[in-house]
Amino acid sequence: PKECSKLGIVTTARHPAHRHSLLNFAHISLLNNPDVLSMPEQERAWLELARESLAIETVLKAGEVLYIPSHWFHYIVSLQKGAQCNTRSGVPDEPNHYFGGRDTVQKCMDSSY
């Protein structure tokens, strides 16, 4: 939640993409590619900002599960056929030093980034 200002998250409650990002994070890998000239400047600026956000990368193996707390932004790349299931678990009252907590989520959702 502390990084939401860098992720292009839609905070307008009635917007169809509320609490989702409008960025294509797969394009971050194209930022330094000299052959990619057609990326709009606004998209490039947002992706440059997103690239600097705090992130954790992992690869799950068959049978493994990853728990992501509610309101923690995540981006999934499937390396092979797979399935995903989402459920909401609430927002922790005690903030995490690096990622924040309930107050950080509220600040993110009240802002217009």
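Our subject is the structure listed above.
Residues numbered from 1 in each chain as written. Predicted model: local features only at pLDDT ≥ 70, side-chain atom pairs only at ≥ 80, totals over all residues. Heavy atoms only, no water.

**Observations regarding the pattern of salt bridges**
Moving on, step 1. Summed over all chains, the structure comprises two salt bridges.
Moving on, step 2. Residue E3 is joined to K6 by a salt bridge in which the shortest nitrogen-to-oxygen separation is 3.3 Å.
Moving on, step 3. By relative accessible area, E3 is classed as buried at 16%.
Moving on, step 4. Among the ionic pairs, E48 bridges to R51, the shortest N-O distance being 2.5 Å. (Salt bridge = Lys/Arg side-chain N within 4 Å of Asp/Glu carboxyl O. Buried < 20%, exposed > 50% of the residue type's maximum accessible area, 1.4 Å probe, protein only.)

**Describing the packing of aromatic side chains**
For any two aromatic rings, the description comes down to two numbers: the centre-to-centre distance and the angle of the planes.
Moving on, step 1. For the structure on display, the rule yields two aromatic pairs.
Moving on, step 2. Ring geometry for F25 and F73: centres 5.2 Å apart, planes at 50°, overall tilted. Highlighted residues: F25 in the segment before α1 (41-51) and F73 in the loop between α1 and α2 (102-110), separated in sequence by 48 residues.
Moving on, step 3. Classification of F25 as buried rests on a relative accessible area of 12%. (Phe/Tyr/Trp six-rings, centres within 6.5 Å; stacked < 30°, edge-to-face > 60°. Helix = DSSP H or I, 4+ residues; strand = E, 2+ residues; numbered from the N terminus.)

**Some details on the nonpolar core**
Moving on, step 1. Judged by nonpolar contacts, C4, L7, I9, L23, F25, L31, M39, L47, A50 and C108 together constitute the single largest core of ten residues.
Moving on, step 2. Residues in contact with L23, not counting those within four places in the same chain, are L7, G8, W46, L47 and A50. (Core = buried A, V, L, I, M, F, W, Y, C linked by side-chain atoms within 4.5 Å. Contact = heavy atoms within 4.5 Å.)

**Quick look at the side chain of S21**
Moving on, step 1. Assignment of secondary structure puts S21 in the segment before α1.
Moving on, step 2. Residue S21 is classed as buried on the basis of its relative accessible area, which comes to 17%.
Moving on, step 3. Polar contacts involving the side chain of S21 include one to the main-chain carbonyl oxygen of L7, which spans 2.6 Å.
Moving on, step 4. A polar atom in the side chain of S21 sits 3.0 Å from the backbone nitrogen of L23.
Moving on, step 5. Not counting residues within four places of it along the chain, the set of residues in contact with S21 comprises L7, G8, I9 and F73. (Polar contact = N/O pair within 3.5 Å; in protein donor to acceptor, adjacent residues only side chain to side chain.)

Honestly, that's just the spatial picture; any functional story needs more than this.
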